[in-house]
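Chain by chain, the residues:
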Amino acid sequence: MQEKRELQYLEYGFFDSLTSKWLLKKINRTKAEILEMLYSSSWLVCADRILQKDEIYCGDVLLLCEPMLNSLSDIPRDGWLKYILSGFAQQAVP
């Protein structure tokens, strides 16, 4: 069953995106560290729940990713959602 899930995530490009060289360099982590987090059973179960829904909401994805984000960095003062949206806005309008 886990192999099937891993193939689904590979199809969606999750693992490639989350282990890209530029991201690993930016967060000062290795691919092995990130993959270890991604292969944890709790992450896979939560990701399965999200992918089985008809619509995917930012809040659901944030809940899934928040423990990983917290282990990679200090929690931003205004929270992860505002931090992420601010980053997207800066990328969209430099």
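Residues numbered from 1 in each chain as written. Predicted model: local features only at pLDDT ≥ 70, side-chain atom pairs only at ≥ 80, totals over all residues. Heavy atoms only, no water.

## Brief notes about a nonpolar patch on the surface
Together, Leu 81, Tyr 83, Ile 84, Leu 85 and Phe 88 make up an exposed nonpolar region whose accessible area comes to about 520 Å². The residue Ile 84 is located in helix 7 (residues 80-92) in this model. (Patch = residues over 30% accessible without salt bridge, like charges linked within 9 Å, V, L, I, M, F, W, Y side chains within 5 Å. Areas by Shrake-Rupley, 256 points an atom, 1.4 Å probe, with all protein chains shown as cover. Salt bridge = Lys/Arg side-chain N within 4 Å of Asp/Glu carboxyl O. Helix = DSSP H or I, 4+ residues; strand = E, 2+ residues; numbered from the N terminus.)

## Observations concerning the side chain of Ser 20
One can find Ser 20 in the loop between helix 2 (14-18) and helix 3 (21-27). Of the polar contacts made by the side chain of Ser 20, one reaches the backbone oxygen of Ser 17; its length is 3.3 Å. Among the polar contacts listed, one links the side chain of Ser 20 to the side chain of Trp 22, at a separation of 3.2 Å. (Polar contact = N/O pair within 3.5 Å; in protein donor to acceptor, adjacent residues only side chain to side chain.)

## Examining the nonpolar core
Counting 11 residues, the largest nonpolar core is built from Phe 15, Leu 24, Ile 34, Leu 38, Trp 43, Leu 44, Ala 47, Ile 50, Leu 64, Met 68 and Leu 72. Here this core gets four residues from one element, more than from any other, and that element is helix 5 (residues 41-51). Excluding residues that lie within four positions of it along the chain, Leu 38 makes contacts with Phe 15, Leu 18, Trp 43, Leu 44 and Met 68. (Core = buried A, V, L, I, M, F, W, Y, C linked by side-chain atoms within 4.5 Å. Buried < 20%, exposed > 50% of the residue type's maximum accessible area, 1.4 Å probe, protein only. Contact = heavy atoms within 4.5 Å.)

## Examining the packing of helix 4 (residues 31-38) against helix 6 (residues 58-72)
Helix packing for two helices is described by the angle between their axes and how far apart those axes are. Viewed as axis vectors pointing N to C, helix 4 and helix 6 meet at an angle of 150°, and their least axial separation amounts to 11 Å. Taken together, the axes of helix 4 and helix 6 are roughly antiparallel relative to one another. Regarding helix 4 and helix 6, the two cross each other, and that crossing is right-handed. Side by side, helix 4 and helix 6 meet where Ile 34, Met 37 and Leu 38 of the first sit next to Met 68, Ser 71 and Leu 72 of the second. Considering only residue class, the contact of helix 4 with helix 6 consists of five nonpolar, one polar and no charged. (Axes fitted to C-alpha atoms, helices over the stretch in contact; angles between N-to-C directions. Parallel < 35°, antiparallel > 145°, perpendicular 65-115°, else oblique. Left-handed = near helix turned anticlockwise from the far one by under 90°. Nonpolar A, V, L, I, M, F, W, Y, C, P; charged D, E, K, R; others polar.)

## Looking at the layout of surface pockets
A volume near 1,600 Å³ is recorded for the largest pocket. Taken together, 41 residues make up the lining of the largest pocket; nearest its centre are Leu 23, Leu 69, Tyr 83, Ile 84 and Phe 88. Those elements that place two or more of their residues in the lining of the largest pocket are helix 2, helix 3, helix 5, helix 6 and helix 7. Broken down by element, the residue count for the lining of the largest pocket peaks at 11 residues, all from helix 7. (1 Å grid on protein atoms, 1.4 Å probe; cavity = no way out; pocket = protein on both sides within 12 Å on 5 of 7 lines; lining within 4 Å. Points joined across faces, edges and corners; volume = space filled by probe spheres on them.)

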